Amino acid sequence: MSARPIAYLTRRETFSACHRLHSPLLTDEENLQIFSKCNNPNGHGHNYTVEVTIRGPIDEKTGMVMNLSDLKLYMEQSIMNMMDHKNLDKDVPHFHNLVSTTENVAVFIWDSLSAHMANPCLLYEVKVFETEKNIMIYRGERE
C-alpha cells in the first residue's frame, strides 16, 4: 500500500461585526493610549474574511480530504451563527472579559471549529482578515 497524498482544503467566509478594543486589565487612559481610535466607547465595525484550511490525506474512496459540505456546516456553526452581524463584546460571551483583538478572534474560531468538527485533527489554519492590510493567522499553537 502506497502512502496517500496530503492535501490542503481552504474555504472562505465573510462576516460583519463590531467591537471595541478595551481591556478590563488596563485603565481607561492605558486603553486609549494602546488602542487609540479602536477604543471608541461606541465601538467600530469590520467586514471580516475568514479562511479555514484543512490538512490531511486524500481519502481513496471519496477523493477528498474532507467533504466540503461538512466544512461549510462547521464554519456556519462556528463563525457565521456566532459572530455575523453581532457586537463581539456584548453578543459573544467569550469576549465579555477578553479583548476582541483579531488574534483572539482567530483563536476563538479555531476553538469553536475544533469543538464542532468530527475530526478536529484535520484543522490546519485559521486566517482572519480584519482589513485588506491586517491579517492574523492561527494554527492552534500554545505555549
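Predicted model only: the values in this text are computed from it and were never measured.

Student: So what's going on with the UniProt feature "active site" (unreviewed entry) in the chain? Residues and values would help.
Tutor: UniProt's feature table lists "active site" (unreviewed entry) at Cys38, His85 and Glu130, given in the numbering used throughout. Assessed through its relative accessible area of 65%, histidine 85 is described here as exposed. Turning to its location among the elements, glutamate 130 is positioned in the loop between β4 (123–129) and β5 (135–138). Beyond its immediate sequence surroundings of up to four residues, glutamate 130 is in contact with His19, His46, Asn47, Tyr48 and Thr102.

Student: Let's hear about the packing of aromatic side chains: which residues, and what values?
Tutor: Scanning the entire structure with this criterion turns up four aromatic pairs. On the basis of an interplanar angle of 55° and a centroid distance of 5.5 Å, the ring pair of phenylalanine 95 and phenylalanine 108 is categorised as tilted. Of this pair, phenylalanine 95 sits in the loop between α3 (88–91) and α4 (102–116) while phenylalanine 108 sits in helix α4; the two residues are 13 residues apart in sequence, bridging distant segments of the chain.

Student: I'd like to hear about the nonpolar core, residue by residue, with values.
Tutor: Core analysis: the largest hydrophobic core is formed by 31 residues, its most contacted members being Val52, Ile54, Ile79, Met83, Ile109 and Leu113. At the level of secondary structure, the elements contributing two or more residues to this core comprise β1 (6–19), β2 (44–57), α2 (68–83), α4 and β4. Those residues in contact with isoleucine 54 that lie beyond four places of it in its chain are Ala7, Tyr8, Leu9, Val65, Met66, Leu71, Met117, Leu122, Leu123 and Tyr124.

Student: Explain the sheet that holds β1 to me, and be specific about the residues and the numbers.
Tutor: Within the open sheet, the five strands sit side by side as β3-β1-β2-β4-β5. Their pairing is mixed. Unpaired on one side and paired on the other, β3 (86–87) and β5 mark the two borders of the sheet. Across the sheet, α2 is in contact with β1, β2 and β3; its angle to β1 comes to roughly 20°.

Student: Which residues make up the pattern of salt bridges, and what values go with them?
Tutor: When the charged atoms of two side chains lie near each other, side chains of opposite charge can form a pair. Counted by the stated rule, this structure contains four salt bridges. Close ionic contact of glutamate 51 with arginine 12 constitutes a salt bridge, the shortest N to O distance being 2.4 Å. Of the two residues, glutamate 51 is situated in strand β2 and arginine 12 in strand β1; the sequence distance between them amounts to 39 residues. Between glutamate 125 and arginine 139 there is a salt bridge, with its nearest N and O atoms 2.6 Å apart. Taken together, the residues glutamate 125 in strand β4 and arginine 139 in the segment after β5 connect sequence positions 14 residues apart. For glutamate 125, a relative accessible area of 8% gives the class buried.

Student: An account of α2 is needed here, citing residue identities and associated values.
Tutor: Taking 1.5 Å as the rise per residue, α2 with 16 residues should run 22 Å; its terminal C-alpha atoms sit 21 Å apart, in good agreement. Remark: the principal bend of α2, roughly 40°, maps to glutamate 76. Inspection of α2 places Leu71, Tyr74, Met75, Ser78, Ile79, Met80 and Met83 among the buried residues, and these make up the whole buried set. Looking at the buried positions of α2, the neighbouring elements they touch are β1, β2, β3, α3 and α4. Two or three places before serine 69, at the start of α2, stands the capping residue asparagine 67, its side-chain oxygen 2.8 Å from that residue's backbone nitrogen. Within two residues after α2, histidine 85 carries a phi angle of roughly 55°, on the positive side.

Rules used in this analysis
- Residues numbered from 1 in each chain as written.
- Predicted model: local features only at pLDDT ≥ 70, side-chain atom pairs only at ≥ 80, totals over all residues.
- Heavy atoms only, no water.
- UniProt positions renumbered as here; feature names shortened; annotations may be inferred.
- Buried < 20%, exposed > 50% of the residue type's maximum accessible area, 1.4 Å probe, protein only.
- Helix = DSSP H or I, 4+ residues; strand = E, 2+ residues; numbered from the N terminus.
- Contact = heavy atoms within 4.5 Å.
- Phe/Tyr/Trp six-rings, centres within 6.5 Å; stacked < 30°, edge-to-face > 60°.
- Core = buried A, V, L, I, M, F, W, Y, C linked by side-chain atoms within 4.5 Å.
- Pairing = 2+ DSSP bridges.
- Axes fitted to C-alpha atoms, helices over the stretch in contact; angles between N-to-C directions.
- Salt bridge = Lys/Arg side-chain N within 4 Å of Asp/Glu carboxyl O.
- Expected span 1.5 Å × (residues − 1).
- Bend = angle between axes of the 7 residues up to and from the residue.
- Polar contact = N/O pair within 3.5 Å; in protein donor to acceptor, adjacent residues only side chain to side chain.

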